[in-house]
Amino acid sequence: MPSPTHPTTLSDESRYGINSPIPKLSIIVPVYRSQEMLRELYRRIAAAVELLNTNFELILVEDCGGDDSWRVIQDIAGEDERVRGIQLSRNYGQHNALLCGIRAARGEILITLDDDLQNPPEEIQKLLEMLDGGFDVVYGTPAAETHGFLRNQASRITKLALQSSMGAETASKVSAFRVFRTRLRDSFAEYRSPSVNIDVLLTWGTTRFSAVLVRQDERAIGTSGYTLRKLITHTINMMTGFSTIPLQMASVVGFIFGTFGFILLAYVMGRYWISGSSVPGFPFLASIIAIFSGVQLFALGIFGEYLARMHFRTMDRPPYTVRQNAEEQTFVTASAENYAQSRET
């Protein structure tokens, strides 16, 4: 395994040539309701990587979207042995599907991109060239965002949570289009929480991050699988599952209102000593009680969210479960056909 200071170049044909049984590149794509664009996705990825004159594998992880994507994946895997299909037992989410593909990959360098072709496969070479500069992770940062307003805002919040672990500059350039070295997965090999964020897990293994500007195309077919509910859930999971920012916010809010309470107490006592009268009125008292009660409940809610995370982790729920594997089914079908032919002869 090459070190970051001595990166493997794409010209290492002795080990990773086009005819080598060991893939140098593993391209992982989480698939969700993408039956109409899978063929085009496969064609463009194959064409782009073949220009690099290196062996590769394409891992398509179907996240139970409910359409006909799995049948299309099976067909492509049956036609091209470089394609591997994995179907999860239920819908787990994009990052869980990515984790499944990352653990199944055999290449030395892993590439992840979305299934909607907004990440152009033709830009993969840019990321690989930057990776050869001594980095462990390289992001393809869109030159111009083409997602909707809500998804862009949720992405910004997620990047704020990543700043403490990977730095503000790198966190601002995080995207689903990534290239990284396979050895990094060893740092989260034992990770089994149902809440997964690949970008956070990568920070467990390295601090060598970089990014390069890439083109981002408009989605040609269908709509994004990210609903408002999913965006909110993902943001909350990110903030409470991999960051202490909410706890720090609770501490700051508690300090501010505690200070406000002391100032208010000083005002009431000062007025009593100076003028001999107290602050009149039940509404004032009720408002102060409501404010402090609300802050306490807010802080308790944050603590409860963290306790819930700990509870779910003690349950040892897996981040994903594989239902079936396309290459295994292809092997079984081929074996059955060979057996039938041998019987006929």
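Structure: see above.
A short tour of the structure in this document, coming up.

### Here's the deal with the overall build of the chain
Counting secondary structure elements, the chain contains 12 helices and 8 strands. Counting all 345 residues of the chain, 43% fall into the buried class. A separation threshold of at least 6 residues defines the contact pool for the chain, and within that pool the share at least 24 residues apart is 84%. With an accessible surface of roughly 17900 Å², the chain has 59% of that area assigned to carbon and sulfur atoms.

### Remarks on the sheet that holds strand 1 (residues 25-31)
Taken in spatial order, the 8 strands of this open sheet run 7-5-6-4-1-2-3-8, and their pairing is mixed. Lying at the two open borders of the sheet, with one neighbouring strand each, are strand 7 (209-214) and strand 8 (322-325). This sheet shows a mean twist of 20 degrees between the axes of neighbouring strands, independent of strand direction. With 3 bridges connecting them, strand 5 (residues 137-142) and strand 6 (residues 178-181) associate as antiparallel partners. The residue of strand 6 that forms the bridge with V138 is V179. Contacting strand 1, strand 4 (109-112), strand 5, strand 6 and strand 7, helix 5 (residues 124-131) runs over the sheet at an angle of about 150 degrees to strand 7.

### Focus on the environment of R90
Following the sequence through the fold, R90 ends up in the loop between strand 3 (83-88) and helix 4 (94-104). Among the residues examined, R90 registers a relative accessible area of 40% and is labelled partly exposed. Through-space distance from the C-alpha of R90 to that of T321 is 7.8 Å; in sequence the pair is 231 residues apart. In this view, R90 contacts D63, C64 and R317; residues no more than four positions away in its chain are not counted.

### Things to note about unusual backbone geometry
Its identity is not glycine, yet C64 carries a phi of approximately 50 degrees, on the positive side. By the secondary structure assignment, C64 is in the loop between strand 2 (56-62) and helix 3 (69-79). For L117, which is not glycine, the phi dihedral falls at a positive 65 degrees. With respect to the secondary-structure elements, L117 resides in the loop between strand 4 and helix 5.

### Describing the side chain of E123
On the secondary structure map, E123 appears in the loop between strand 4 and helix 5. If sequence neighbours within four positions are ignored, E123 has contacts with F177, V214 and R215.

### Concerning the pattern of salt bridges
Applying the stated criterion across every chain, the model contains 14 salt bridges. Among the salt bridges present, the one from R181 reaches D136, with a minimum N-O distance of 3.5 Å. With R181 in strand 6 and D136 in the loop between helix 5 and strand 5, this pair connects stretches of sequence that are 45 residues apart. Looking at R181, the relative accessible area reads 2%, which means it is buried.

### Let's talk about the nonpolar core
Taken as a class, soluble globular proteins show a tendency for nonpolar side chains to be buried jointly. Core analysis: the largest hydrophobic core is formed by 34 residues, its most contacted members being I27, V29, L58 and I111. If you list the elements that add at least two residues to this core, you get strand 1, helix 2 (38-50), strand 2, helix 3, strand 4, helix 5 and strand 7. Residue contributions to this core peak at 6 residues, all from helix 2. Those residues in contact with I111 that lie beyond four places of it in its chain are L25, S26, I27, I28, I124, L128, F177, R178 and V179. Of all hydrophobic cores here, the second largest spans 27 residues; its members include I28, L88, Y92 and V196.

### What to know about the pairing of strand 7
The buried fraction of strand 7 amounts to 5 of the 6 residues, a majority that puts the element mostly inside the structure. Where strand 5 lies against strand 7, 6 bridges are found, and the strand directions are parallel. Each residue of the ladder has a partner; that of P142, found in strand 7, is V214.

### Notes on the packing of aromatic side chains
All chains considered together, the criterion is met by 2 aromatic pairs. Ring plane angle 10 degrees and centroid distance 6.4 Å describe the contact between Y139 and F209, whose orientation is recorded as stacked. Linking Y139 in strand 5 with F209 in strand 7, this pair joins segments that are 70 residues apart in sequence. In terms of burial, Y139 and F209 fall into one category: buried. Ring geometry for Y191 and W204: centres 5.6 Å apart, planes at 75 degrees, overall edge-to-face. Taken together, the residues Y191 in the loop between strand 6 and helix 8 (198-203) and W204 in the loop between helix 8 and strand 7 connect sequence positions 13 residues apart. Given a relative accessible area of 43%, W204 falls into the partly exposed group.

Scoring rules and cut-offs
- Residues numbered from 1 in each chain as written.
- Predicted model: local features only at pLDDT ≥ 70, side-chain atom pairs only at ≥ 80, totals over all residues.
- Heavy atoms only, no water.
- Helix = DSSP H or I, 4+ residues; strand = E, 2+ residues; numbered from the N terminus.
- Buried < 20%, exposed > 50% of the residue type's maximum accessible area, 1.4 Å probe, protein only.
- Contact = heavy atoms within 4.5 Å.
- Areas by Shrake-Rupley, 256 points an atom, 1.4 Å probe, with all protein chains shown as cover.
- Pairing = 2+ DSSP bridges.
- Axes fitted to C-alpha atoms, helices over the stretch in contact; angles between N-to-C directions.
- Salt bridge = Lys/Arg side-chain N within 4 Å of Asp/Glu carboxyl O.
- Core = buried A, V, L, I, M, F, W, Y, C linked by side-chain atoms within 4.5 Å.
- Phe/Tyr/Trp six-rings, centres within 6.5 Å; stacked < 30°, edge-to-face > 60°.

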